[in-house]
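Notes for the structure review
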Amino acid sequence: MARVWGGIILGSRTDLHVQSVMMTGHIYRDVILEQHARLFRGTMGAEFLFMDDNTRSHRVNIVDECLQSEDITRMD
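This is a predicted model, so every value here is computed, not measured.

1. With respect to helix H2 (residues 61–69)
Since the α-helix packs 3.6 residues into each turn, any two residues three or four apart lie on the same face. Every buried residue of H2 is accounted for by Val63, Cys66 and Leu67. The buried residues of H2 occupy an angular sector of 95 degrees when the element is viewed end-on, so they sit on one face. Among the exposed residues of H2, those pointing more than 90 degrees away from its buried face are Asn61, Gln68 and Ser69. Looking at the buried side of H2, the elements it contacts are helix H1 (25–44), strand S5 (49–50) and strand S6 (73–74). Within two residues after H2, Asp71 carries a phi angle of roughly 55 degrees, on the positive side.

Here you go:
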């Protein structure tokens, strides 16, 4: 089963990314957050609000720590 990720905001978007491996917290942090969301947040500035689908791999401590260290606000 493939997992996909993409970002959309204010008429802009990221590329669609397909992961064919099991999505763990480490992969989510290393691939999605650090390689894509962090850069997208840098482009959008302080108004950036991050939303995920609340799956288990998105809610582990290393993901929370990464979002906090990058000053990325997660939507409730």
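2. A word on the nonpolar core
Taken as a class, soluble globular proteins show a tendency for nonpolar side chains to be buried jointly. Within the largest apolar cluster, 14 residues are counted, with the highest numbers of intra-cluster contacts made by Tyr28, Ile32, Leu33, Phe50 and Leu67. Of all the secondary structure elements, the ones that give two or more residues to this core are H1 and H2. Element by element, the count of residues in this core is highest for H1, at six residues. Here Ile32 is in contact with Trp5, Met23, Ile27 and Ala37, once residues within four sequence places are set aside.

Conventions and cut-offs
- Residues numbered from 1 in each chain as written.
- Predicted model: local features only at pLDDT ≥ 70, side-chain atom pairs only at ≥ 80, totals over all residues.
- Heavy atoms only, no water.
- Buried < 20%, exposed > 50% of the residue type's maximum accessible area, 1.4 Å probe, protein only.
- Helix = DSSP H or I, 4+ residues; strand = E, 2+ residues; numbered from the N terminus.
- Arc of directions from axis to C-beta.
- Contact = heavy atoms within 4.5 Å.
- Core = buried A, V, L, I, M, F, W, Y, C linked by side-chain atoms within 4.5 Å.

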